[in-house]
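Tertiary structure, described
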2 protein chains.
Amino acid sequence: MNRSFSIDSILARKPKRKIGEDRLIRVFLQSANLWRRFHSLGTEMIVTKSGRRMFPTLSVIIAGLDPVKNYVVMVDLECIELKRFRYSFHQSKWISTGPGESELPSRMFVHSDSPARGAHWMRSPVSFDKMKLTNNQLDNNGHIIVNSMHKYRPRVHVIEQDEAKTRHTFSFEETDFIAVTAYQNHRITSLKIESNPFAKGFRECEVQDMAHLQVPANFQSVLPFIFPYFANLTANAEQ
Amino acid sequence: MNRSFSIDSILARKPKRKIGEDRLIRVFLQSANLWRRFHSLGTEMIVTKSGRRMFPTLSVIIAGLDPVKNYVVMVDLECIELKRFRYSFHQSKWISTGPGESELPSRMFVHSDSPARGAHWMRSPVSFDKMKLTNNQLDNNGHIIVNSMHKYRPRVHVIEQDEAKTRHTFSFEETDFIAVTAYQNHRITSLKIESNPFAKGFRECEVQDMAHLQVPANFQSVLPFIFPYFANLTANAEQ
DNA sequence: ATTTTCGCACCTAGGTGCGAATCT
DNA sequence: AGATTCGCACCTAGGTGCGAAAAT
């Protein structure tokens, strides 16, 4: 059957979308499983004067950008509960202790690839591993300033570099964390040690069977190389 | 005395320069003294399959850019003598041995800050320390491909990101080098070891006076911690 | 005979939590 | 008492030339 359309109805149609218009930008969290393991325990992030990385690292996969348009990608921290927290070792949980610090707008961590075309951002996961948190309110190293014992949620911002500078913002509940100067929940400590390669030194290795170990035949010839080392240790200890 | 000008002579004058036009871009070599010490001996750069950094690092100070205009900064290598070289240990000098490989156009090392505004490039020295040289003609890590035993001169290119894409190219005689897979001139080796922090392990330290060193009092108590280590070494050696 | 490759010990540079000391 | 700081040992990650072995 043939269909006919009135001129009016045709003119009333929305214009076809132009390429690059009304795109649906999507952002997916990387390492979501690891984030969830921390989240279920109550994620803590160490914060220091000189700046400390986050672990897990915030890293996202971005889709739906215009490959040839330029974008700036950045992260900031939203203080998601305006109160101060304290960890009750007794109850093994965080309890709020009154209103928190008045929160200034968070600094932005601009990803160093910015600005770059959509094709670049979508080619591979975008990692914010260089981002550091500090509790130094006077920091001038460009680190993100937070208040210890407060709760934050990272936000990823994708800004189109045209006249409109349209901003798209994404965040993930799994990445909530409380800023601390020292870990409170020892389960968090354990999970960090277990999963962060840089903390491998604190992992409890499986105890090896050392029954077969013997003093090597050449041990005597090796001793002279050891003496200065220990002598040095002693000398230092005496200072 | 009054001077008069004919209408014609006034019309024949060049128009006044507009801001941002006909700028005199200048590029200065960093660490020029170090480069000259190598150059006077005949600089050699190690080249490997997996890629090797240059030392000294090519680093330049850029001046005369338009602060708000965008530029791309890149480096390539010009093969400056189309012949193959050989080091005569006898005469302690490089001698040419016939025509070299036919040289394909060099790959470009694009500085990772590109594109950026003139203000950014002029703010601090622009270092190409991430650039790596390879002799693998099939390299797909984006390293700069060179022929061993050939002579090169790095070129710095500054490209204006406008319609014209004007390219300005700079190079420095002090940065000439011969690509090698192993150092030929032992004076070059010595100067590399002396000046490259990563080669500190090969420096001849001043021999310390160890007369004061003695076996520490607690040496016996420490021994158990050493035994497994050496036993391990021996076990490995026997495998 | 000359040139290249490869594993290695030894570095630089910097990211971990620990625990004693200190601050508030 | 709770929160923070700081030096430290122990890691990751990767840039050095060495020297034996291999390739050409």
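Residues numbered from 1 in each chain as written. Chains lettered and ligands numbered in written order. Predicted model: local features only at pLDDT ≥ 70, side-chain atom pairs only at ≥ 80, totals over all residues. Heavy atoms only, no water.

1. Considering helix H4 (residues 186-195) of chain A
All names here are of chain A. What counts here: In this scheme, a residue with accessible area under 20% of its type's maximum is buried, one over 50% is exposed, and one in between is partly exposed, where area comes from a 1.4 Å probe on protein chains only. Secondary structure elements are defined from DSSP: runs of H or I of at least 4 residues count as helices, runs of E of at least 2 residues count as strands, and each element is numbered from the N terminus. The arc in question is formed by the directions pointing from the helix axis toward the C-beta atoms. Only heavy atoms matter for contacts: two residues are in contact if any of them lie within 4.5 Å across the pair. Any pair of N or O atoms that falls within 3.5 Å is considered a polar contact. Within protein, one atom must be able to donate a hydrogen and the other to accept it, and sequence-neighbouring residues count only if both atoms are side-chain atoms.
Those residues of H4 lying buried are Ile188, Leu191, Lys192 and Ser195. Around the axis of H4, the buried residues are gathered within 100° of arc, so they sit on the same side. In this fold, the buried residues of H4 make contact with helix H2 (32-41) and strand S2 (44-46). N-capping of H4 is provided by Asn185, with a side-chain oxygen placed 2.8 Å from the backbone N of Arg187.

2. Here we look at the protein's contact with DNA strand D
Quick reminder of the rule: Near residues are defined by distance, with any heavy atom within 4 Å of the molecule or strand qualifying the residue. Basically, the charged four are Asp, Glu, Lys and Arg, the nonpolar ten are Ala, Val, Leu, Ile, Met, Phe, Trp, Tyr, Cys and Pro, and anything else, Gly included, counts as polar.
Near DNA strand D lie 21 residues; those nearest to it are Asn135(A), Ser148(A), Thr181(A), Arg52(B) and Tyr183(B). Counting only the atoms of DNA strand D within 4 Å of the protein, the fraction contributed by sugar and phosphate is 78%. Measuring from a phosphate oxygen of DNA strand D, one finds a side-chain N or O atom of Asn135(A) at 2.9 Å. The set of elements that each furnish at least two residues to the surface near DNA strand D consists of strand S3 (52-53) and helix H4 (186-195) of chain B. Examining the composition of the surface near DNA strand D, we find that three residues originate from one element, H4(B), more than from any other. For the surface near DNA strand D, the per-class residue count stands at eight nonpolar, six polar and seven charged.

3. Examining the sheet that holds strand S10 (residues 126-127) of chain B
All names here are of chain B. This is how the line gets drawn: Strand pairing is assigned whenever DSSP detects at least two bridges linking the two strands.
Sheet architecture is open: three strands sit in the order S1-S4-S10, paired in antiparallel fashion. The open sheet has two free edges, formed respectively by strand S1 (26-29) and S10, since each of these has just one partner strand. Looking at chain direction, strand S4 (residues 59-63) and S10 are connected through two bridges and run antiparallel. Looking across to S10, one finds that Ser59 is bridged to Ser127.

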